[in-house]
Structure formats: C-alpha cells, structure tokens
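Report on the structure
Here are the chains, one letter per residue:
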Amino acid sequence: MTWDKEKFDRIVEGIDASADSIADHLSREEIESAMTNLDSAVLHSMLHALLKFGLFDKDEKHAFEAVLEKGKISPKFNWLVQRWIIKLTEAGLLLESPEGHLSCPKKTNGEIIAQFWAGADDIWTNKISPEFTAYVRSNTEKLPELLGEQIHPLSLLFPDGRYNFIRSLYFDNLMANYLNRCICKLLQRIAGDHKGKVLRILEIGAGTGATTEKVLKALESFEIQYLFTDVASAFVTRAKSRFDTFHGIHFSVFNIDEDLRTQGLTPNSFDIVLAAGVLENARDIPESMNRVAELICPGGWFVFTEPTKEHSWILASQAFMMTEPTDSLRTETSYLDREAWINLLKEYGDESILFLPDLKHKLSPMGVHLFAKRFH
Ligand SMILES: C[S@@+](CC[C@H](N)C(=O)[O-])C[C@H]1O[C@@H](n2cnc3c(N)ncnc32)[C@H](O)[C@@H]1O
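Residues numbered from 1 in each chain as written. Predicted model: local features only at pLDDT ≥ 70, side-chain atom pairs only at ≥ 80, totals over all residues.

What to know about the packing of helix 10 (residues 174-192) against helix 11 (residues 210-218)
A packed helix pair is summarised by two numbers, namely the angle formed by the two axes and the spacing between the axes. Relative to each other, helix 10 and helix 11 sit at 35 degrees, their axes nearing to 9 Å. Relative to helix 11, the crossing made by helix 10 is right-handed. Here Ala176, Asn180, Ile183, Cys184, Leu187 and Gln188 of helix 10 lie close against helix 11, whose contacting residues are Ala210, Thr211, Lys214, Val215 and Ala218. Taken together, the residues that form the contact of helix 10 with helix 11 break down as 7 nonpolar, 3 polar and 1 charged. (Axes fitted to C-alpha atoms, helices over the stretch in contact; angles between N-to-C directions. Helix = DSSP H or I, 4+ residues; strand = E, 2+ residues; numbered from the N terminus. Left-handed = near helix turned anticlockwise from the far one by under 90°. Contact = placed C-beta atoms within 7 Å. Nonpolar A, V, L, I, M, F, W, Y, C, P; charged D, E, K, R; others polar.)

As structure tokens, then:
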C-alpha cells in the first residue's frame, strides 16, 4: 500500500465535524473558567492537607524531606508530593527561598476551598460531567489518608461498589464524548480504506470499556478482529461479560510495561493500536511507545488520547494509582505536553500527525487530546 500525505489528509479530514456540536452549550470562556476554578480548588486542598500535618505553622520553613517525614507520607508517593510542591510553588501558594527551604506565605482554609468549589461546580456539574467534581472533591477531602495509604484510591473511585464516578470520568463526560466520537469516525474511515481485509485492532488499557463500546458499535458493519486488553484482570473479566456478543472480539491481560512476546503478542500483527488515556500510566513512556510501534504492522495506525498538561486534579486523585514515572521525559513533570508527544511520535517517522481538538478549538483548554499517526 503506497501512502502519501494526500491520503492521510483525506482520511482525517473533518473527523471532528460531528463531535463539535457536543460543546455547543459552552463558550471557551466558560471552559477556561471551569478549569481555573477546579485548579484553584485542588491546589488549595493540597496545601490544606500539608497544613493539617502541622507543616508551616508560625511561618516555619521546611526542607522537602521534612515535609515527607512530618506528613508521614508513604515512600511510594514521595514523587507525587514533589510534584505537588512544584505546582504549589508555581501557583505562589508555597515559596522556596532560599533554595530547598519551603514556606507558606498565605494560609488557606476550608472556607476558601469551598468558594473555589462553588465557582467550579456549576459549570462542571451542569455542563461538563455530572459527578466529576464530586469524585475529585471526595479525593481532595481524603488527601492525608491517601498519602499515608490509610485509604486506597480505588475505594474512592468505586464508593460502595458504585460506578457513578467511573461514568462521570469516562462515559457522561463532554471531553470523553468528543474524543470518542473523533476516534470512531477515524476508525470508520480507516476501516473503509481497508475493505476486503480483516481490520486487526488492539486496544490497550481498555479498562471500563467506555471507548471500546463506542468503537465496536461504530465498526459493526466492518470485518474486524478486536483484542481488548488491560493490565487489570478484573477489567478484562468484566469486559468479557459485556462485549462477548460482538463478532471478532478477544480478551487478554496485557501490561504495556512488559515485553510483548512473553505476553503472547506478535510484532507487526495489528493494523490499529488504540489507547485511551493509558500511556501516561507507563513506567517508561518511550519504552512503551517502542512496544506499540513493534506491534503495529507497516502502514498501521497508533490512535491515542492523553492529557496534554499536568492537571492538578489528576495529581490529587488518579495519580495515586499511577506508577512513578522513570523515563527521562518526565523528570520535570509527570505528564507530557503536546510538544513532547509530537516530538516522541516524530521519532517514528516524519509523517503527518493528527491532533484534536486543535489549539484554537474551545475544548482545547480542557487539556486532553487525540493523537493519531501511521507507523512504518
Ligand atoms: C485512565 S484509565 C483509561 C480508561 C479506559 N481507556 C476506559 O475507557 O475505561 C487507564 C487504564 O489503563 C490501565 N493501565 C494502567 N497501567 C497499565 C499498564 N502498565 N499496561 C496496560 N494498561 C494499564 C488501567 O488499568 C486503566 O484501565
């Protein structure tokens, strides 16, 4: 198959057209304001958690090690607290002077935090995702216990075994809906271009199946083989009972941090690898990207979504379930930005890269994007 830029452009052209209406009820200013208020509420909650440990009393200064010790922070979260401190310092809530000595110029309290939540709640709850702030808030109220491992983050994600918060994060969520619509359209176009052959798709980190469900329905009229995988066997078991009736679907545990061959996968065996919000969890992103590149057949596609900034709300919730990043791309941050993802993709060839929503789009400030590229 000879491919050129013209063909790539034809496949990706306007794939976001049907997704755009999802944000008709919101202006860019409202989205920016929702993000700013959420960020302020979370940052003040992080500071509040540190103050609760008795840190920064009477304008004391502390070294980072003292913060860890006084907070009785589990060693597995040292990296996370380091990120908090950098964020808090950037926001002016902590002061580092002289180098290595932290102080808190302006204290916060529950009342201030409640005001930021009030500013964030209206737009988030009514216009973006019904229980999203309830989920983040429930985490920010338990930060000391999360840091000390007295509470497991999964118990806050599935309170009383309920899936409400999962729904708000991945299903009833404006941004997830926008991205999933774009993914479905793109995959339909690729499938349409692949006529006469079975389209082989591998989904990694498929988790709750929020993206899987949409994609399987969108590709119902095409001949596909779909391998649903996740590192967590519980997700794979759950997916089996949900998606088993779809033609051509298979299920397996797959860990993107480990060798693909020892996990039963074969190089060059997929036309599309799909990953919705997964690569950020890799211990070493470039290493995992090499694995993905190996799995894709020549001319195949890597389609993935990722946060493109280090969101404070993630550092106060989902990051408690992340493995500490060990790659050289994340020494100064735990999440890659748009430029870093694009630079990484360019290491696999100079072909065009799809990036949505584009920077001018009103949803761009939400800081989660779709990337797609063909691999050789
Ligand atoms: C943010 S969730 C993505 C949700 C998923 N795409 C969905 O629609 O529900 C991240 C997913 O990546 C999975 N994951 C985390 N580390 C992984 C790894 N090393 N290899 C494969 N999957 C991983 C998690 O189990 C989780 O299901």
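A few points about helix 11
Of the residues making up helix 11, those classed as buried are Ala210, Thr211, Thr212, Lys214, Val215 and Leu216. If you follow the buried residues of helix 11, they end up packed against helix 9 (164-171), helix 10, strand 3 (199-204), strand 4 (224-230), helix 12 (233-243) and strand 6 (270-276). (Buried ≥ 20, exposed ≤ 12 C-beta atoms within 10 Å, placed from the backbone.)

A look at the site of the ligand
Lining the immediate environment of the ligand, one finds 20 residues, of which Gly205, Gly207, Thr208, Ala210 and Asn281 sit closest. Classifying every residue of the shell around the ligand gives 11 nonpolar, 7 polar and 2 charged. (Near = placed C-beta within 6 Å.)

Observations concerning the sheet that holds strand 5 (residues 249-253)
Judged by pairing direction, the sheet is mixed, and its 7 strands sit side by side in the order 5-4-3-6-7-9-8 without closing on themselves. The sheet is open, and its two edges are formed by strand 5 and strand 8 (354-356), each paired on a single side. Strand after strand, the sheet turns through a mean of 15 degrees between neighbouring axes, direction not considered. Alignment of strand 4 against strand 5, held across 5 bridges, turns out to be parallel. Paired with Tyr226 across the two strands is Ile249, which belongs to strand 5. The strands touched by helix 10 within the sheet are strand 3, strand 6, strand 7 (296-307), strand 8 and strand 9 (368-374), with strand 9 carrying the most contacts at an inclination of about 15 degrees. (Pairing = 2+ DSSP bridges.)

Description of the pairing of strand 4
Where burial is concerned, most of strand 4 is hidden: 6 out of the 7 residues are buried. By the bridge criterion, 5 bridges tie strand 3 to strand 4 in an arrangement that is parallel. Directly across from Glu203, in strand 4, lies its bridge partner Phe228. Once you follow strand 3 into helix 11 and on to strand 4, the crossover reads as right-handed. Remark: the strand 4/helix 12/strand 5 crossover connection has right-handed handedness. (Right-handed = clockwise from strand over helix to strand, strands pointing away.)

Section: the packing of helix 2 (residues 28-52) against helix 5 (residues 110-128)
Here helix 2 crosses helix 5 at 140 degrees, and the two axes come no closer than 8 Å. In terms of orientation, helix 2 lies oblique with respect to helix 5. In the packing of helix 2 onto helix 5, the handedness of the crossing is left-handed. Along its contact with helix 2, which presents Glu30, Ser33, Ala34, Asn37, Leu38, Ser40, Ala41, His44, Ser45 and His48, the element helix 5 presents Ile112, Ile113, Phe116, Trp117, Gly119, Ala120, Ile123, Trp124 and Ile128. Classifying every residue of the contact of helix 2 with helix 5 by side-chain character gives 11 nonpolar, 7 polar and 1 charged. (Parallel < 35°, antiparallel > 145°, perpendicular 65-115°, else oblique.)

Points about unusual backbone geometry
Residue Ser97 is joined to Pro98 through a cis peptide bond whose omega torsion reads -10 degrees. Turning to its location among the elements, Pro98 is positioned in the loop between strand 1 (95-96) and strand 2 (102-103). A cis geometry characterises the amide bond from Leu356 onward to Pro357, with omega recorded as -10 degrees. Position of Pro357 relative to the elements: it lies in the loop between strand 8 and strand 9. At Phe56, a residue that is not glycine, the phi angle is positive and equals roughly 65 degrees. Turning to its location among the elements, Phe56 is positioned in the loop between helix 2 and helix 3 (64-70). For Asp160, which is not a glycine, the phi torsion comes out positive at approximately 55 degrees. Here Asp160 is to be found in the loop between helix 8 (153-157) and helix 9.

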